[in-house]
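Geometric and topological summary
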Amino acid sequence: MTRRNRTAYGAATPKLAGVGLAVAALLVASLPVATPAAAQPANAHCGTSTGDTGSSSWTSHAELGQELRRLQAQRSDVLDVTQIGTSNRGREIWAARTGTGPKVVLVTSEIHGNEKTGTDAVLSLLRDMTAGTPAAERLRSLVTLVAVPKMNPDAAELDRRGNDRTWAEVVAEFPQLAGARPAWNYYNQPRTGDDYATRPGFDVNRDYHPDLDYVPRAEDFPGSSSEAGWYIHPESRAVRDLYKSLRAEFGAVDTYVDLHHQGPCDLDESGENQVTMSLSGKFVDVENHQEYNKGYRLDYSKQLTLAAYDGLSVRGQSPFGSLTLYPQDIDLPGTGLGSFALNGSGTVLFEVRGQTQTWGAKQRGQLIQTVEKGLDAIIEAVGTGAVNQIDPTRYDDIPETQ
Ligand SMILES: [Zn+2]
């Protein structure tokens with residue numbers, strides 16, 4: 001998501017096992033390790049123009065595949081990597097699963113391809129959780145973690161928000177939409193330095209529908225931000241299908257966390273500190289969507305959010321910088337978080353600082369570490385049940401973004 005743009009996810013699929021082992025062996029010295037927290041530079045680039053994105057510092061789709069194959073080869077006893085879908089331009093969408101605990105924590109990253117921290121944080125988390133240590137073994141006994149890193153690989157490779165798809169391609173897949181107006185979240189004009197006029201795309205994070213069996217209908221277009229999406233894209237359908245399969249297996253997807261970036265220069269309540277990360281557990285106004293309410297649990301989402309907040313805070317101060325509550329006055333049923341919340345999952349949004357076009361790879365290590373520690377705290381709290389002891393009313397005490 002971004003704050004100012006108000007702009008936040010199968011079929012049985014083949015396994016990666018046995019693929020690319022030779023490649024994996026070459027990649028043992030894999031990805032950079034996170035660096036310690038550092039003070040924020042005063043000269044942050046707070047404009048909206050495209051700058052040096054530093055995109056080569058981040059993990060590409062090919063590198064992600066290599067790293068997942070390496071981990072799978074190394075830890076096949078505790079890690080299961082599957083392809084859950086294929087992007088519009090033919091790239092694999094992978095899910096990595098570890099742990100045998102009774103509660104599922106589902107994590108997705110990079111639905112917006114210019115919001116890359118989450119993917120590296122998920123890889124780090126997977127390395128930690130699949131380790132052969134007592135601590136990792138304990139976590140695996142407590143929860144089942146299912147992560148979809150880089151769920152929108154076409155957008156990620158273009159280092160932009162939207163996927164790589166034309167309305168004509170959508171209509172070709174769904175002939176019943178011929179004559180309908182294109183979806184409201186279709187980008188076909190230049191935007192934040194990206195040439196969508198030449199290469200159109202959609203904000204996939206408005207393509208979810210709380211009715212997980214919804215089939216696109218012409219009368220539901222062009223839609224709006226306060227209405228549900230349509231599952232017209234392979235990327236959102238891959239995550240929707242995964243969600244449904246997990247729900248069938250476990251009875252419920254206990255927790256869903258979606259990893260994003262926001263603007264680089266948001267300030268906290270004091271007006272003095274730039275926000276490192278905003279959190280939220282609320283994405284819809286449930287009163288507006290009662291027809292789709294299948295056990296919405298706002299208090300549980302608040303407890304999960306607080307688990308992350310508390311885990312990143314020490315006596316009210318975070319060693320990772322300023323943490324705030326993301327704006328609460330949103331109603332976005334077309335987001336994965338909104339749709340899955342209406343289906344009864346506890347839901348949490350992470351919004352770290354600065355999309356690639358404004359912030360590049362600055363403080364990359366600190367931001368990755370912040371996201372991973374927040375995920376760690378949620379997994380621990382869900383696994384032990386400590387999340388249920390958290391007072392959800394404290395949610396309102398999290399400082400707001402100015
Ligand atoms: Zn986003």
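Up top you'll find the structure we're talking about.
Residues numbered from 1 in each chain as written. Predicted model: local features only at pLDDT ≥ 70, side-chain atom pairs only at ≥ 80, totals over all residues.

Next up on the list: the sheet that holds strand S4 (residues 143-148). Here we have eight strands laid out as an open sheet, ordered S1-S2-S4-S3-S7-S10-S8-S9, and mixed in their pairing. The sheet is open, and its two borders are formed by strand S1 (79-86) and strand S9 (322-325), each paired with just one other strand. Going across the sheet, the axis of each strand differs from the next one's by a mean of 20 degrees, ignoring polarity. Helix H11 (residues 364-384) rests against strand S3 (103-109), S4, strand S7 (255-262), strand S8 (275-280) and strand S10 (346-353) of the sheet, and its axis sits at about 165 degrees to S10. (Pairing = 2+ DSSP bridges. Helix = DSSP H or I, 4+ residues; strand = E, 2+ residues; numbered from the N terminus. Axes fitted to C-alpha atoms, helices over the stretch in contact; angles between N-to-C directions. Contact = placed C-beta atoms within 7 Å.)

Turning our eyes to something else, we now look at the packing of helix H8 (residues 298-312) against H11. Axis angle and axis distance: for two packed helices, these are the angle between their axes and the distance between the axes, and together they describe the pair. Orientation of H8 relative to H11, taken along the N-to-C sense of each, is 125 degrees, at an axis distance of 8 Å. Judged by the angle between their axes, H8 and H11 are oblique. In this structure, H8 crosses over H11, and the sense of that crossing is right-handed. The residues of H11 that touch H8, namely those facing Leu 304, Ala 307, Ala 308, Asp 310, Gly 311 and Leu 312, are Thr 370, Lys 373, Gly 374, Asp 376, Ala 377, Ile 378 and Ala 381. (Parallel < 35°, antiparallel > 145°, perpendicular 65-115°, else oblique. Left-handed = near helix turned anticlockwise from the far one by under 90°.)

With that settled, consider unusual backbone geometry. Note that the residue after Phe 221, namely Pro 222, is joined by a cis bond; omega there is 10 degrees. For Pro 222, the position within the fold is in the loop between strand S6 (201-202) and helix H7 (234-250). The phi dihedral of Glu 110 is positive, around 60 degrees, even though this residue is not glycine. Tracing the sequence through the fold places Glu 110 in the loop between S3 and helix H3 (117-129). Glu 110 gets classed as buried once you count the C-beta atoms within 10 Å, which come to 29. One non-glycine residue with positive phi stands out, namely Asp 159, at about 55 degrees. With respect to the helices, strands and loops of the structure, Asp 159 is situated in the loop between helix H5 (153-158) and helix H6 (167-173). (Buried ≥ 20, exposed ≤ 12 C-beta atoms within 10 Å, placed from the backbone.)

A few words on the packing of H3 against H11. Packing of H3 against H11 brings their axes to within 8 Å, and their N-to-C directions diverge by 55 degrees. For the element pair H3 / H11, the angle class is oblique. For H3 against H11, the interelement crossing comes out right-handed. Of the residues in H11, those in contact with Thr 117, Gly 118, Asp 120, Ala 121, Ser 124 and Leu 125 of H3 are Leu 367, Ile 368, Val 371, Glu 372 and Leu 375.

Turning next to the environment of Ala 156. On the secondary structure map, Ala 156 appears in helix H5. The class of Ala 156 is buried, set by 30 C-beta atoms lying within 10 Å.

In this section: the pairing of S10. In terms of burial, S10 is a largely internal element, eight of the eight residues being buried. Two elements, S7 and S10, share eight bridges in a ladder whose sense is parallel. In the sheet register, His 260 faces S10, and the bridge partner there is Glu 351. Taken together, the four bridges between S8 and S10 define a ladder with antiparallel strand orientation. Looking across to S10, one finds that Ser 280 is bridged to Leu 349.

Summarising the element assignment, Leu 212 is placed in the loop between S6 and H7. Along the backbone, Leu 212 and Asp 241 are 29 residues apart, and their C-alpha atoms lie at a distance of 8.4 Å. Sequence-distant contacts of Leu 212, that is, excluding residues within four places in its chain, are made with Arg 240, Tyr 243, Lys 244 and Asn 343.

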